[in-house]
Amino acid sequence: MMEQEVRYMKLAIDMAKQMVGQTSPNPKVGAVVVRDGEIVGIGAHMKAGEDHAEVHALNMAGDKANGATMFVTLEPCSHFGKTPPCANLVIDRGISRIYVATLDPNPVVAGRGVERLKQAGIDVHIGLLEEEATELNPFFNHFMKTSLPYVTLKAASSLDGKTATTTGESKWITGEEARRDVHHSRQEHDAILVGVQTIIEDDPQLTTRLPFGGKNPTRIILDTHLRIPRSAKVLNDREAQTLIITGSQVAMDQIEEIQSEYVQVIKLEAESIQIRSLLERMATIGITSIYVEGGATVHASFVKERCFQQLITYLAPKIIGGFTSPSIIGGAGIKYMDEAVDLQTISFEQIGDDLKIVSVLKEG
Ligand SMILES: Nc1c(/N=C/[C@H](O)[C@H](O)[C@H](O)COP(=O)(O)O)[nH]c(=O)[nH]c1=O
Ligand SMILES: Nc1c(N[C@@H]2O[C@H](COP(=O)(O)O)[C@@H](O)[C@H]2O)[nH]c(=O)[nH]c1=O
Ligand SMILES: [Zn+2]
């Protein structure tokens, strides 16, 4: 592997990585311009609708871009979206060689950007640090491939798998650091989802409360019969958009009475909430990733329909016990082991006193 080129692509990847929670529904992208062994331009995409990474890097390079080499984590776009095509700009500014880590999975762009660069006589190299660059955008890649939001199930439990005591008490199971990590995940996802039972029991805010603030995800509450208490924080705190998902049985006057500038009720066609149709509906309103915080019944519905991509479990070194204490996944459960859901654990790390385990649903 060419260690200089690797160094420049790593810089582009690292810059993109810093834009976590900022660029959705666009991917995180980084770009570096190098001329005669000197970095003359760097840039990252910071917000959908604003300049792409290549534009920032090329603007910084100015005339030095002429005859220079560029490193970019994603194929330069070739379409007129909210911003003009980067491929044209790369050509106009005179880049003579470009390393593209990954092709763009967006069907509107896929391969066209690279084609245009080659036709203009630029020396194009594809695939440098492809894996690391692909890992920048799991949500974007999944959404482009399936047209459905990427779903993360999150659970916090004691070592014996309990999420609350027999009386429903749960504060707190995991410690401060693990709960801080949860807020980083909230910032990363477009939306956060809980069942109405969690609203009734915890009255959560479901906002991102990090030391430097951070984007609040859209709040999705599964509430088939519109049982949500009118005093709920998610209905009154005006901290984020709240979507209440109901079944077809809910009366229009009940819906009108609860809707406001910050609260929208989405009534699905079926009497009960089918997760797949919920995801299709969320995709139509531009939600590309959802962080499902529970509770057990909601988690069970996502598991039963295999409508999730990863499970993040925080295990606290505590024992709660009790047959009637709730565990992470509720629902009817399974009779036979061959019905169990097989995951692949991709990471585990200690966070404070707790263990964070990330497991993904096996493809296929
Ligand atoms: N009880 C625990 C959790 N409990 C999570 C609850 O389901 C609910 O999402 C929280 O109470 C959210 O509250 P808010 O949005 O911060 O106001 N989650 C955790 O990670 N650890 C725990 O110990
Ligand atoms: N963020 C990003 C790209 N994102 C690509 O462009 C699409 C968004 O285009 P627009 O609506 O114009 O912002 C997005 O879906 C993805 O395919 N492309 C790039 O060349 N560089 C960038 O930094
Ligand atoms: Zn672009």
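As recorded by an unreviewed UniProt entry, the protein chain carries the name Riboflavin biosynthesis protein RibD and is attributed to Pseudalkalibacillus berkeleyi. On record in UniProt, under Function (unreviewed entry), the comment for the protein chain is "Converts 2,5-diamino-6-(ribosylamino)-4(3h)-pyrimidinone 5'-phosphate into 5-amino-6-(ribosylamino)-2,4(1h,3h)-pyrimidinedione 5'-phosphate."

Participant: I tried to follow the coordination of the zinc ion (ligand 3) on my own but got confused; where do I start?
Facilitator: Each angle at a metal carrying four tetrahedral donors should ideally be 109.5 degrees, and each at a metal carrying six octahedral donors should ideally be 90 or 180 degrees. Coordination of the zinc ion (ligand 3) by the protein is provided by His52 (ND1), Cys77 (SG) and Cys86 (SG), with metal-donor distances spanning 2.0 to 2.3 Å. In this structure, the zinc ion (ligand 3) is surrounded by 4 donor atoms whose angles at the metal cover 103 to 116°, and the resulting shape is tetrahedral. All donors to the zinc ion (ligand 3) come from one chain, and their sequence spacing reads H-x24-C-x8-C. Cys86 shares its class with Cys77; the two are buried.

Participant: Even after reading the chapter, I still don't get the pattern of salt bridges, so can you show me in this structure?
Facilitator: When the charged atoms of two side chains with opposite charge come close together, those side chains can pair. Under the definition given, this model contains 10 salt bridges. A salt bridge links Glu293 to Arg186; the shortest N-O distance between them is 2.7 Å. Note that Glu293 is positioned in strand β11 (residues 289-294) and Arg186 in helix α7 (residues 176-188), a separation of 107 residues in sequence. You can call Arg186 buried: its relative accessible area is 7%. Measuring nitrogen to oxygen at the nearest pair gives 3.3 Å for the salt bridge that ties Glu257 to Arg230. Residue Glu257 is found in helix α10 (residues 252-258), and its partner Arg230 is found in the loop between β8 (218-222) and α9 (233-236); the two are separated by 27 residues along the sequence.

Conventions used here
Residues numbered from 1 in each chain as written. Chains lettered and ligands numbered in written order. Predicted model: local features only at pLDDT ≥ 70, side-chain atom pairs only at ≥ 80, totals over all residues. Heavy atoms only, no water. UniProt positions renumbered as here; feature names shortened; annotations may be inferred. Donors = N, O, S within 2.8 Å, 3.2 Å for Na, K, Ca; no water. Tetrahedral: all angles 85-135°; square planar, octahedral: opposite > 155°, others 65-115°. Buried < 20%, exposed > 50% of the residue type's maximum accessible area, 1.4 Å probe, protein only. Salt bridge = Lys/Arg side-chain N within 4 Å of Asp/Glu carboxyl O. Helix = DSSP H or I, 4+ residues; strand = E, 2+ residues; numbered from the N terminus.

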